[in-house]
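Next come the chains, spelled out residue by residue.
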Amino acid sequence: MQTPCEEWAVSPVAVQRRPDFGAYVMAVERVERLLRSVAEALEAAELDYAVIGGNAVAAWVSTVDPAATRATKDVDLLVRRGDLQRIADALRKLDLIPIEVLGVHMFVDQKQPNPKLGVHLVFANEIVRPHYTHPAPDPSSSCRSVLEFRVVNLLELVVMKLQAYRRVDQVHIEDLFRVGLIDAELAATLPPDMLDRLRHVRDTTDGLEEPPKF
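Described in the following lines is the structure provided in the data block. (Residues numbered from 1 in each chain as written. Predicted model: local features only at pLDDT ≥ 70, side-chain atom pairs only at ≥ 80, totals over all residues. Heavy atoms only, no water.)

## Here's the deal with the overall build of the protein chain
Looking only at helices and strands, the protein chain has 9 helices and 7 strands in total. With 214 residues in all, the protein chain has 41% of them scored as buried. Element-wise, carbon and sulfur atoms account for 55% of the exposed surface of the protein chain, whose accessible area totals about 12,500 Å². (Helix = DSSP H or I, 4+ residues; strand = E, 2+ residues; numbered from the N terminus. Buried < 20%, exposed > 50% of the residue type's maximum accessible area, 1.4 Å probe, protein only. Areas by Shrake-Rupley, 256 points an atom, 1.4 Å probe, with all protein chains shown as cover.)

## Points about the nonpolar core
Leu-42, Leu-77, Val-119, Val-158, Ile-173 and Leu-176 are the most contacted members of the largest nonpolar core, which totals 56 residues. Top element by residues in this core is helix α3 (residues 21–44). It accounts for 7 residues. (Core = buried A, V, L, I, M, F, W, Y, C linked by side-chain atoms within 4.5 Å.)

## A few points about the packing of aromatic side chains
Overall, the coordinates contain 0 aromatic pairs when judged by the stated rule. Over the aromatic face of Tyr-165 sits the side chain of Arg-197, whose NZ or CZ is 4.7 Å from the ring centroid. A cation over a ring is seen here: Arg-202 above Phe-214, with NZ or CZ 4.5 Å from the ring centre. (Phe/Tyr/Trp six-rings, centres within 6.5 Å; stacked < 30°, edge-to-face > 60°. Lys NZ or Arg CZ within 6 Å of the ring centre and 35° of its normal.)

## Observations regarding the pattern of salt bridges
All told, the structure shown has 15 salt bridges when counted by the stated rule. In this structure, Glu-126 and Arg-81 form a salt bridge, with 2.8 Å as the shortest nitrogen-oxygen distance. Of this pair, Glu-126 sits in the loop between β5 (119–123) and β6 (143–144) while Arg-81 sits in the loop between β2 (75–79) and α5 (84–92); the two residues are 45 residues apart in sequence, bridging distant segments of the chain. With its nearest N and O atoms 4.0 Å apart, the salt bridge here joins Arg-144 to Glu-148. Residue classification places Glu-148 among the exposed residues on the basis of a relative accessible area of 52%. (Salt bridge = Lys/Arg side-chain N within 4 Å of Asp/Glu carboxyl O.)

## Here we look at helix α7 (residues 167–178)
Look at α7: 16 Å from first C-alpha to last across 12 residues, which is about the 16 Å you get at 1.5 Å a residue. By the criterion of burial, α7 is predominantly enclosed, with 9 of the 12 residues buried. The complete set of buried residues in α7 reads Asp-169, Gln-170, Val-171, His-172, Ile-173, Glu-174, Asp-175, Leu-176 and Phe-177. Those residues of α7 that are buried lie in contact with α4 (53–62), α6 (154–164) and α9 (192–203). One or two steps after α7, the chain reaches Gly-180, where phi turns positive at roughly 85 degrees. (Expected span 1.5 Å × (residues − 1). Contact = heavy atoms within 4.5 Å.)

## Here we look at α9
End to end, α9 covers 17 Å across 12 residues, agreeing with the expected 16 Å (1.5 Å per residue, within 8%). The complete set of buried residues in α9 reads Met-194, Leu-195, Leu-198, Val-201 and Arg-202. The arc that holds the buried residues of α9, viewed along the axis, is 130 degrees, so those residues lie on one side. Residues of α9 that are exposed and point more than 90 degrees away from the buried face comprise Asp-196 and Asp-203. Where the residues of α9 are buried, they touch α6, α7 and α8 (184–187). (Arc of directions from axis to C-beta.)

## Description of the pairing of strand β3 (residues 96–101)
Where β3 lies against strand β4 (residues 104–109), 6 bridges are found, and the strand directions are antiparallel. In the sheet register, Glu-100 faces β4, and the bridge partner there is His-105. Linking β3 to β4, which pair antiparallel, is a turn of 2 residues; within it Leu-102 sits at a positive phi near 50 degrees. (Pairing = 2+ DSSP bridges.)

These figures come from the coordinates and say nothing about function on their own.
Here it is in structure tokens:
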């Protein structure tokens, strides 16, 4: 009897779609190397920054359950707009060059300038999108992760994810719920206009044994 993978391997369609697990591992390692090298370059230049986005969620989740973290394909950083030139000078040493795509400032590999694989910037203390109600936080309130890079604090990360509120952001909030990082105490410190979104994610998250009440 053939196993599912053996059946897949002989399928005419699957021959063209066989998963390359080695490429996946390499992609995850590439993001980690990029994140570490960028963080080291910014710290060497004495620049404030904070890791945000999926990598920040993974860093927080890993403090409770490393096995529950998710991989992400790019690096998102919170920085100050006034530091942009100094950031460019610091990242030039890594062969990263600045570009702007659809209003998003980012740094990409000079030899492989793929925006999907770049370092995306969010400017501190500014409204990121016109429909947002809260400005991005300042990196000065970040904390150092066990992986030795600066990460946005948990409350501000939750607010940023609730404001963006795409499906990927809701999934990240679900991850924080599942490991117990979002509780009634944290919810009580959220801006009131974010509470309904948080309740919706809580109420639609599978596998919560004791959903926090707020």
